[in-house]
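This is what each chain is made of:
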Amino acid sequence: MTFQDLNLNRPLYSALEDLGIIEPTTIQHKVFSPIMAGKDVVGIAQTGTGKTYAYLLPTLKLWKFSNSPSPQILIIVPTRELVAQVVEEVEKLTKYMTFQVVGVYGGTNIRTQKIAVSGGADVVVGTPGRLGDLMKDGVLKTKKINRLIIDEVDEMLNLGFRTQLREIIEFLPRRRQHLMFSATMTEEVEAVIHEFTLLFEKIEAAPSGAPLENIEQYAYEVPNFNSKANLLEILFRDHPEMSKVLVFASTKKMADVLYERLLPNFEEVMGLIHSSKSQNNRFDTVGKFDDGTYRFLIATDIIARGLDVSEVTHIINFDLPDVAEKYIHRIGRTGRAEKKGVAISFVSETEEAYKKEIEELMSLEIPVLSNPADLVLSDELIDLEKPVEFIPFNHHKIKTAKPTGKAFHEKKEKNKKTNNKIRRAEKMHLKYGKPQTRGQKKKKR
Ligand code: AMP
């Protein structure tokens with residue numbers, strides 16, 4: 001099948017020609033007709049198999065020129081890096097059209113984005129928080145939006161984003177087409193999709209969670225942070241073919257600690273990215289990784305989704321994600337557009353359970369390699385690995401046991417006083433002796 005079979009238009013053909021893209025991928029041709037027919041579509045396809053163009057090509061073919069500054073198309077994605085990427089893809093495809101795309105995301109000046117949106121846009125691409133703010137402000141006019149695209153839909157409808165998404169939906173016209181895409185899907189998310197649309201066509205180019213065959217996957221069994229860091233250094237030392245490597249750590253703190261640890265030997269060739277870095281720094285870091293300045297990039301899952309950096313040779317899971325779907329997205333940063341890729345996971349004993357879940361999701365076992373002969377296994381744990389002491393949330397309200405034995409501090413002067421007050425009964429006792437009973441009194445009479 002060629003793009004001619006899809007009956008696109010001249011400007012789109014010319015743009016694809018410039019990009020050197022000749023044949024549609026499976027997901028691209030599978031979703032094309034249903035989208036053109038106006039159906040709501042949930043598209044599932046492996047990472048890096050052209051999902052962005054799968055929704056952009058029919059959407060841009062359906063788009064009609066209008067003098068109105070209000071957008072007709074809204075694209076929602078989970079991260080700022082993805083906004084920038086999708087904006088670029090739209091720009092490439094609309095090179096021969098009079099078409100305006102605007103990207104909006106948090107962490108940067110909202111005023112500049114307000115000016116851009118007010119200036120008019122045919123499509124707005126954004127992260128949910130900033131889109132919601134612009135809609136509430138009335139800057140982003142929604143009445144003309146007739147196509148809502150949610151990329152990485154399972155992430156977008158996960159608990160973290162769900163409320164924001166519902167708020168955005170409230171602003172949109174009722175008559176609209178929904179296009180939702182991801183490489184993974186869960187039953188829970190599918191149920192939430194029903195809130196948005198009751199009738200949708202689920203189109204799978206591959207079953208949810210299927211890994212790409214062109215990604216080789218291996219694991220090493222390594223007990224802890226220090227041993228894993230030693231292994232990483234050995235791999236970088238012995239494997240020059242590891243030339244563009246994404247190293248995933250599960251938390252920001254872990255990513256920071258790993259970066260510090262590798263700094264003495266790799267400062268020049270290593271980058272670090274996570275959500276606490278400034279937006280400029282994040283874009284700069286991805287750019288340096290993309291252009292080869294950095295040989296490897298230590299990252300959290302913030303860039304696990306959708307990011308299309310060309311020719312990433314290896315993915316290293318320094319630690320395994322606690323959700324199996326995240327693994328699919330992480331390793332999907334390599335092996336893109338039919339290139340080969342390698343994914344290596346460092347698995348400690350406690351992560352064995354995560355590995356099993358991942359293997360179940362993929363219906364595939366990850367072979368374990370024997371550790372390099374010169375790998376030094378450490379038994380020293382870093383602070384992040386030590387069990388945390390449980391401190392109850394309302395600990396200040398909990399009465400602690402009174403210290404026994406010697407006072408643990410000197411009493412204040414006012415507290416040293418003893419109670420010298422004498423009760424009235426005691427006073428009478430001292431004055432008149434032991435009180436008599438009524439019977440004793442009667443006898444006396
Ligand atoms: P995506 O899955 O949308 O992130 O796309 C992955 C990569 O495949 C991007 O670099 C696209 O430019 C490229 N791509 C998209 N569609 C095609 C196609 N039909 N043929 C070849 N490459 C493509």
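The preceding data block contains the structure.
Quick summary incoming for the structure in this document. Predicted, not measured: the structure shown is a model, and the values here were computed from it.

1. Regarding the site of the ligand
- The environment of the ligand is made up of 15 residues, and the closest members are Glu23, Gln28, Thr52, Asp308 and Arg336.
- Note that an oxygen atom of the ligand is positioned 2.9 Å from one of the backbone N or O atoms of Gly50.
- The contact in question runs from an oxygen atom of the ligand to an N or O atom on the side chain of Arg336, over 2.6 Å.
- Protein burial of the ligand: of its 500 Å² of free accessible surface, 79% is covered by the chains.
- A per-element tally of the shell around the ligand places helix α3 (residues 51-62) first, with three residues.
- Residue composition of the shell around the ligand, by class: five nonpolar, six polar and four charged.
- Viewed by domain, the shell around the ligand spans two of them, domain 1 (3-204) and domain 2 (215-362), each represented by three or more residues.

2. Focus on the sheet that holds strand β10 (residues 270-273)
- Read from one edge to the other, the open sheet built from seven strands follows the order β10-β11-β9-β12-β13-β8-β14, with strand pairing classed as parallel. The sheet terminates laterally at β10 and β14 (368-369), the two strands that pair on one side only.
- With two bridges connecting them, strand β8 (residues 215-221) and β14 associate as parallel partners. Pairing of Ala219 across the sheet is with Val368, part of β14.
- Packing against the sheet, helix α14 (residues 352-362) makes contact with β8, β13 (341-347) and β14, and its axis sits at approximately 160° to β8.

About the cut-offs
The numbering scheme is per chain: residues are counted from 1 as the chain's sequence reads. Residue-level local features of this predicted model are given only where pLDDT is at least 70; pairs of side-chain atoms are given and counted only at 80 or more, and the full residue set underlies all totals for whole chains, interfaces and linings. Excluded from the side-chain calculation are hydrogens and water; included are all heavy atoms of the structure. If even one non-hydrogen atom of a residue comes within 4 Å of a molecule or strand, that residue is called near it. Definition of a polar contact: a pair of N or O atoms within 3.5 Å, with one able to donate and the other able to accept a hydrogen when the atoms are protein atoms, and with sequence-neighbouring residues admitted only if both atoms are side-chain atoms. Where accessible areas are quoted, they stem from the Shrake-Rupley method and a 1.4 Å probe; at the residue level, only the protein chains shown are allowed to cover. Runs of E in the DSSP output that reach at least two residues are strands. Runs of H or I that reach at least four are helices, and both are numbered from the N terminus. Gly is placed with the polar residues, together with every amino acid not listed as nonpolar (Ala, Val, Leu, Ile, Met, Phe, Trp, Tyr, Cys and Pro) or charged (Asp, Glu, Lys and Arg). Note that the domain bounds reflect an automated or database-derived domain assignment. The pairing criterion is simple: DSSP has to find at least two bridges between the two strands. It only takes one pair of heavy atoms within 4.5 Å for two residues to be counted as in contact. For helices, the fitted line uses only the C-alpha atoms of the stretch in contact; every axis is such a line through C-alpha atoms, and the angle between N-to-C directions lies from 0 to 180 degrees.

In short, shape yes, function no, at least from these values alone.
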